[in-house]
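Each chain, written out:
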Amino acid sequence: MIEGPDIARIGSLVGDPARANILVALLGGRALTATELAGAAGVTVQTASSHLSKLEDGGLIRQQKQGRHRYFSFADETVGGLIEGLMGFAASRGHLRHRLGPKEPELRKARICYDHLAGDYGVRMLDSLVARGAIEVDGEALALTAAGESLLAGFGIDVAPLKALRRPLCRSCLDWSERRAHMAGSLGKALLEHFVETGLARREPGSRVMAFSPDGDRRFQAMFPAQA
């Protein structure tokens, strides 16, 4: 047996269709009950509980008890990056298992990836920040510059508290629909929260879609101008 990380175990956990559906459902960033995840997976609650136990043992999810209910979410943000990355890889190889539906354009435009912005708007935001010298890219690593701190302060985002967190400030996350990188990390989360708090966008109920109002579209495009 080859020594090193056991990717076969992770592959088997993610590879089951029901468990894959559960993980994609959790990509929305909200903690969900076993009943809700059973519906997303298309299985009974009893079967879902078995899958959830395996995912928890494998370190992919965690559970929290609140009263009589148990809520499940990703173990940490790296799981979200793993799932979004796998979705991007699958899409790039033509492995698609859904038909285009009414929500598809909105999902591709702007959506939640765990706790940060993804889709065309997520990629555009990172591209704009890089082009303006706010973010430096070194391979898959991202670093906020002094100019970037000043730019974000103008948006009303204080970076100092984010730097104090144990979580990475910003990191690259492969976007499954654009097949390019968008920004994750505490800064990605702060920007998404800023869009919601300032009324640029709102989350569609029961969906990962982030809906930007006409005014929100204009303000977002002014904040992150497209680069030629």
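Within each chain, residue numbers correspond to sequence positions counted from 1 in written order. Two thresholds apply to this predicted model, a pLDDT of at least 70 for residue-level local features and 80 or more for giving and counting side-chain atom pairs, whereas whole-chain, interface and lining totals are computed over all residues. Derived side-chain values reflect all non-hydrogen atoms in the structure, with water molecules and hydrogen atoms excluded from consideration.

**Considerations on unusual backbone geometry**
Where we set the bar: The numbering of helices and of strands both runs from the N terminus, where a helix is a DSSP run of H or I of at least 4 residues and a strand a run of E of at least 2. Under the scheme applied here, a residue whose accessible area is under 20% of the maximum for its type counts as buried, over 50% as exposed, and between as partly exposed, the area being computed with a 1.4 Å probe on protein chains only.
Even without glycine at this site, Y114 takes up a positive phi of about 70°. Mapped onto the fold, Y114 is located in the loop between β4 (111–113) and β5 (116–118). Although it is not a glycine, R179 sits at a positive phi angle of roughly 60°. Taking the relative accessible area as the measure of exposure, R179 reaches 45% and is therefore partly exposed.

**Things to note about the packing of aromatic side chains**
We apply this condition: Stacked, tilted and edge-to-face are the three classes applied to pairs of Phe, Tyr and Trp rings, where Trp contributes its six-membered ring and a pair requires centres within 6.5 Å; stacked means planes under 30 degrees apart, edge-to-face means over 60, and tilted covers the rest.
This structure, assessed with the given rule, holds 9 aromatic pairs. Here the aromatic residues Y121, F155, F195, F212, F220 and F224 are joined through ring pairs into a cluster of three or more.

**Digging into the sheet that holds strand β2 (residues 61–66)**
Filter applied, for reference: For two strands to be treated as a pair, DSSP must find no fewer than two bridges joining them.
Taken together, the 3 strands give an open sheet; going across it, the order is β1-β3-β2, and neighbouring strands pair in antiparallel fashion. Pairing within the sheet leaves two strands with one partner each, and these edge strands are β1 (32–33) and β2. Judged from the 2 bridges that link them, β1 and strand β3 (residues 69–74) form a sheet pairing that is antiparallel. Looking at the pairing, L32 lines up with F72 of β3.

**Focus on the pairing of strand β6 (residues 135–138)**
In this structure, β6 lies alongside strand β7 (residues 141–144), joined through 4 bridges in antiparallel fashion. Bridging across to β7, V137 finds its partner in L142. Counting the residues between successive antiparallel strands, the hairpin from β6 to β7 contains 2 residues, one of them, G139, with a positive phi of roughly 70°.

**Digging into helix α11 (residues 214–223)**
Definition in use: Working note: the arc is built from the helix axis to C-beta atom directions. In what follows, residue pairs with any heavy atoms lying within 4.5 Å of each other are defined as contacts.
Regarding α11, the residues found buried are G216, D217, F220 and M223. Here the buried residues of α11 occupy an arc of 130° about the axis, which is enough to place them on one side. Away from its buried face by more than 90 degrees, α11 exposes P214, R218 and A222. Buried residues in α11 make contact with α6 (104–109), β5, α7 (120–131), α8 (146–155), α10 (185–197) and β11 (210–212).

**Quick word on helix α5 (residues 77–92)**
Here is the rule we go by: Each residue after the first adds 1.5 Å to the expected span of a helix.
The terminal C-alpha atoms of α5, which comprises 16 residues, lie 23 Å apart, in line with the 22 Å expected from a rise of 1.5 Å per residue. The set of residues buried in α5 consists of E77, V79, G80, G81, I83, E84, G85, G88 and A91. Positive backbone phi, at 80°, marks G94, one or two positions downstream of α5.

**Remarks on the state of the cysteines**
Operational definition: Defined by distance alone, a disulfide is two cysteine sulfur atoms within 2.5 Å.
Under the counting rule described, the total for this entry stands at 0 disulfides. Of all cysteine sulfurs, the one in C173 lies closest to C113, which takes part in no disulfide; the gap is 4.0 Å. Given the relative accessible area of 0%, C113 is considered buried.

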